[in-house]
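Descriptive analysis of the structure
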Amino acid sequence: MQIIRKKSEMKDLRGIWAREGRVVGFVPTMGALHKGHITLVERSVAECDRTVVSIFVNPLQFGPKEDFGKYPRREKADCEMCEKAGADVVFIPTVEEMYPRGSGTVVEPHPALVSGMCGAKRPGHFRGVLTVVAKLFNIVQPNVAYFGQKDYQQCCVIEQMVLDLDFPVKLVFVPTVREPDGLAMSSRNEYLSKEERKKSVCLYKALKEAERMIVNEKEKEVSKIVERMKEIVQEAGGRIDYIEIVEPKSLRKVESIEESVVIGIAVFIGSTRLIDNIIVCPNRGEIFCDAL
Ligand code: PAF
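As a starting point, this report considers the structure included with it. (Residues numbered from 1 in each chain as written. Predicted model: local features only at pLDDT ≥ 70, side-chain atom pairs only at ≥ 80, totals over all residues. Heavy atoms only, no water.)

**Topic: the site of the ligand**
- Close to the ligand lie Pro28, Thr29, Met30, Gln61, Val129, Val132, Val133, Phe147, Asp151 and Gln154, which account for all nearby residues.
- The separation between an oxygen atom of the ligand and a polar side-chain atom of glutamine 154 is 2.7 Å.
- Expressed as a share of its isolated accessible area of 290 Å², the protein-covered part of the ligand is 89%.
- If you tally residues by element for the shell around the ligand, the top one is helix α6 (residues 125-140), at 3 residues.
- In the shell around the ligand, the residues fall into 6 nonpolar, 3 polar and 1 charged. (Near = heavy atom within 4 Å. Polar contact = N/O pair within 3.5 Å; in protein donor to acceptor, adjacent residues only side chain to side chain. Areas by Shrake-Rupley, 256 points an atom, 1.4 Å probe, with all protein chains shown as cover. Helix = DSSP H or I, 4+ residues; strand = E, 2+ residues; numbered from the N terminus. Nonpolar A, V, L, I, M, F, W, Y, C, P; charged D, E, K, R; others polar.)

In structure tokens form, the structure reads like this:
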């Protein structure tokens, strides 16, 4: 496995692979890799001839009071995990390499897709995400790119960008990988104390209660479901950032549940902000992004 730090080197290697007719899979990450990321890498390795993983903590997608400074960085362990999973290249540029003149031209997300959920709570976040993903797509030129369902809204804005700007890349969204108690895997779980880790299961508990109400009780009224979810989170000592129930493609809020919906949740456990979501079909229960 090769470690590449320069954009020019990455592009040169991509040129060689193009001449050899290789199908290139790409897993963009911010490092601090866990089983969720490795599932994406393994999927790419199984489906593509070559797999590139990028590790770049992108300053553009963090707000001024967010955790850019303390975001976990552990290059060596990450590279070992990528190698074990069968990746061919880990691309690790510096901030200067990615943004040599600072931040300039940016990619704006479709406004309708960022008016709620994390888009509303983290202004500018998805502009930062799309700008770096567009740059990484131009550098790596993947045939296929892999993203996790845990960042559902991120998947939607990237899908729209690829469509609107004609990026020649196929997107694959992969279901969320969870801890045995249901907590979605996330690099930010590392911030949790032992006590907070116990509380953090309230996100998944609230999501599964919503599913139960929709499927078993045939509850359609979103306000009642959200109320119940709030109780679960508050009883556990979590501070709700948002709970939203939206239409899976447009991300428009729904008031009455008639078809499949995405239930998104963001909660502060202490000072750590965690997000999660599930997709629920009223007749089938939880379904996954690959079934949409
Ligand atoms: O999901 C992430 O880790 C990041 O938002 C991404 C896609 C790597 C862009 O920085």
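**Re the packing of aromatic side chains**
- Summed over the entire model, instances satisfying the criterion amount to 6 aromatic pairs.
- Ring centres of phenylalanine 62 and phenylalanine 68 lie 5.4 Å apart, and the angle between their planes is 65 degrees; this geometry places the pair in the edge-to-face category.
- Judged by relative accessible area, phenylalanine 62 falls into the buried class, the value being 10%.
- Relative accessible area serves as the criterion here: at 27%, phenylalanine 68 is assigned to the partly exposed category.
- Note on phenylalanine 62 and tyrosine 71: the rings are 5.9 Å apart at their centroids and 75 degrees apart in plane angle, and the pair reads as edge-to-face. Both residues of the pair, phenylalanine 62 and tyrosine 71, count as buried.
- Taken together, the ring pairs connect Phe26, Phe137, Phe147 and Phe167 into an aromatic cluster.
- Residue placement shows lysine 70 over the ring face of tyrosine 191; its charged tip is 4.2 Å from the ring centre. (Phe/Tyr/Trp six-rings, centres within 6.5 Å; stacked < 30°, edge-to-face > 60°. Buried < 20%, exposed > 50% of the residue type's maximum accessible area, 1.4 Å probe, protein only. Lys NZ or Arg CZ within 6 Å of the ring centre and 35° of its normal.)

**As for empty space enclosed by the protein**
- Under the defined criterion, the tally for this structure stands at 2 cavities of 30 Å³ or more.
- Empty space within the largest cavity amounts to approximately 40 Å³.
- If you trace the largest cavity, you find it lined by Lys150, Leu183, Ala184, Ser186, Asn189, Leu203, Leu274, Ile275 and Asp276.
- At 3 residues, strand β9 (residues 272-281) tops the list of elements feeding residues into the lining of the largest cavity.
- Looking at the lining of the largest cavity, its residues break down into 5 nonpolar, 2 polar and 2 charged.
- For the second largest cavity, the calculated volume is near 30 Å³.
- If you trace the second largest cavity, you find it lined by Ala112, Leu113, Ser115, Gly116, Met117, Gln153, Glu244 and Leu251.
- Its residues assigned to classes, the lining of the second largest cavity shows 4 nonpolar, 3 polar and 1 charged. (1 Å grid on protein atoms, 1.4 Å probe; cavity = no way out; pocket = protein on both sides within 12 Å on 5 of 7 lines; lining within 4 Å. Points joined across faces, edges and corners; volume = space filled by probe spheres on them.)

**Focus: the packing of α6 against helix α7 (residues 152-164)**
- The geometry of α6 relative to α7 is characterised by a closest axis approach of 10 Å and an angle of 55 degrees between their N-to-C directions. In terms of orientation, α6 lies oblique with respect to α7. Considering the relative orientation of α6 and α7, their crossing is right-handed. Contact with α6, carried on its side by Phe126, Val129, Leu130, Val133, Ala134 and Phe137, involves Gln153, Gln154, Val157, Ile158, Met161 and Val162 of α7 and no other residues of that element. (Axes fitted to C-alpha atoms, helices over the stretch in contact; angles between N-to-C directions. Parallel < 35°, antiparallel > 145°, perpendicular 65-115°, else oblique. Left-handed = near helix turned anticlockwise from the far one by under 90°. Contact = heavy atoms within 4.5 Å.)

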